[in-house]
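# Geometric and topological summary
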Amino acid sequence: MVSIKLISLLLLFAVLVDSSSVLKNTNRNFSSYWVTKYKAFFDIIDVDEDGIVTEEEYVGLTTKRAQKVLPSWRALAMNGMYSNAFRVWWSNKHTNYKTNITLEEFLQESEIDIPITIKEVPELTSDLFGTFDIDCDGKWTVDEYSKFLFVFRNAAEIQPIFDAIDQNANGFLDAEEFISAWDLYWYHQNFSTTDIIFGSRA
Ligand SMILES: [Ca+2]
Ligand SMILES: [Ca+2]
Ligand SMILES: [Ca+2]
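The following refers to the structure shown.

Rules used in this analysis
Residues numbered from 1 in each chain as written. Chains lettered and ligands numbered in written order. Predicted model: local features only at pLDDT ≥ 70, side-chain atom pairs only at ≥ 80, totals over all residues. Heavy atoms only, no water. Helix = DSSP H or I, 4+ residues; strand = E, 2+ residues; numbered from the N terminus. Buried < 20%, exposed > 50% of the residue type's maximum accessible area, 1.4 Å probe, protein only. Donors = N, O, S within 2.8 Å, 3.2 Å for Na, K, Ca; no water. Tetrahedral: all angles 85-135°; square planar, octahedral: opposite > 155°, others 65-115°. Phe/Tyr/Trp six-rings, centres within 6.5 Å; stacked < 30°, edge-to-face > 60°. Axes fitted to C-alpha atoms, helices over the stretch in contact; angles between N-to-C directions. Parallel < 35°, antiparallel > 145°, perpendicular 65-115°, else oblique. Left-handed = near helix turned anticlockwise from the far one by under 90°. Contact = heavy atoms within 4.5 Å.

### What about unusual backbone geometry?
In this structure, Asn96 takes a positive phi of about 55° despite not being glycine. Note on placement: Asn96 falls in the loop between helix 4 (72-90) and strand 2 (100-102). A relative accessible area of 65% places Asn96 in the exposed class. Of note in this structure, Ala169 is not a glycine but carries a positive phi near 50°.

### Looking at the coordination of the calcium ion (ligand 1)
Within the protein, Asp46 (OD), Asp48 (OD), Asp50 (OD), Ile52 (O), Glu57 (OE) and Glu57 (OE) serve as the donor atoms for the calcium ion (ligand 1), at 2.2 to 2.5 Å. Coordination at the calcium ion (ligand 1) is irregular, judged from the six donor atoms that bind it and the angles of 52 to 157° they form at the metal. What makes Glu57 buried here is its relative accessible area of 4%.

### With respect to the coordination of the calcium ion (ligand 2)
Only Asp133 (OD), Asp135 (OD), Asp137 (OD), Lys139 (O), Glu144 (OE) and Glu144 (OE) from the protein reach the calcium ion (ligand 2) as donors, at distances of 2.3 to 2.5 Å. Taken together, the six donor atoms surrounding the calcium ion (ligand 2) define angles of 53 to 158° at the centre, an arrangement classified as irregular. In primary sequence terms, the donor set of the calcium ion (ligand 2) follows D-x1-D-x1-D-x1-K-x4-E. What makes Asp135 partly exposed here is its relative accessible area of 48%.

### Considering the packing of aromatic side chains
Considering all chains together, one arrives at 34 aromatic pairs under this definition. Judged by centre distance (5.0 Å) and plane angle (80°), the rings of Tyr185 and Phe198 are edge-to-face. In this pair, Tyr185 sits in helix 9 (residues 175-187) while Phe198 sits in the segment after helix 9, placing the two residues 13 residues apart along the sequence. Residues Tyr185 and Phe198 agree in their burial class; the two are buried.

### Remarks on the packing of helix 4 against helix 6 (residues 120-132)
Interaxial distance between helix 4 and helix 6 falls to 9 Å at its minimum, and their mutual angle equals 155°. One way to sum up the angle between helix 4 and helix 6 is to call them roughly antiparallel. The handedness of the crossing between helix 4 and helix 6 is left-handed. Residues Arg74, Met78, Met81, Tyr82 and Trp89 of helix 4 touch helix 6, and the partners they reach there are Val121, Leu124, Asp127, Leu128, Gly130, Thr131 and Phe132.

What follows is the structure, given as structure tokens:
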């Protein structure tokens with residue numbers, strides 16, 4: 001059961017990388033607020049704070065943090081997702097397959113057409129949601145979300161962050177709420193109260 005789920009995840013990514021469809025980032029006039037969101041995420045991944053995100057930081061260290069809070073097969077799924085995400089969004093033909101990426105390169109990357117369809121982004125986000133849905137009931141409790149926040153190096157109090165993402169205030173995060181917050185963070189120029197999705201290190 002577990003291995004079938006993992007294999008299907010890996011197959012999904014194999015399909016994704018070979019896809020010839022393209023995600024068009026239609027709004028190329030990026031706001032300074034948008035840049036602060038991308039920098040905040042870059043800083044989460046740049047663990048040694050040298051201004052460069054390496055493959056080891058993006059994939060290796062993220063996986064190591066996931067291993068601390070997730071069962072091993074889930075951490076392995078996270079590793080698969082992040083190795084593929086690194087190749088789709090960071091280290092691709094536009095950066096000459098560099099494995100050391102500066103913030104400026106990350107921002108430039110985000111202005112070009114990413115080899116992934118608009119439809120695939122929510123699917124991938126949904127898989128990420130599933131990875132942290134420990135009891136497979138289709139929703140995140142505060143405890144499940146706290147594992148996600150740990151992987152993204154959150155240091156702030158968790159409940160207020162949870163409440164900001166829990167748009168219908170029912171005490172659970174469902175996949176739609178997570179996908180919506182993810183989409184607003186990465187693809188919208190303006191402030192959203194859900195932009196706290198990765199927590200805060202301050
Ligand atoms: Ca670094
Ligand atoms: Ca759950
Ligand atoms: Ca909810």
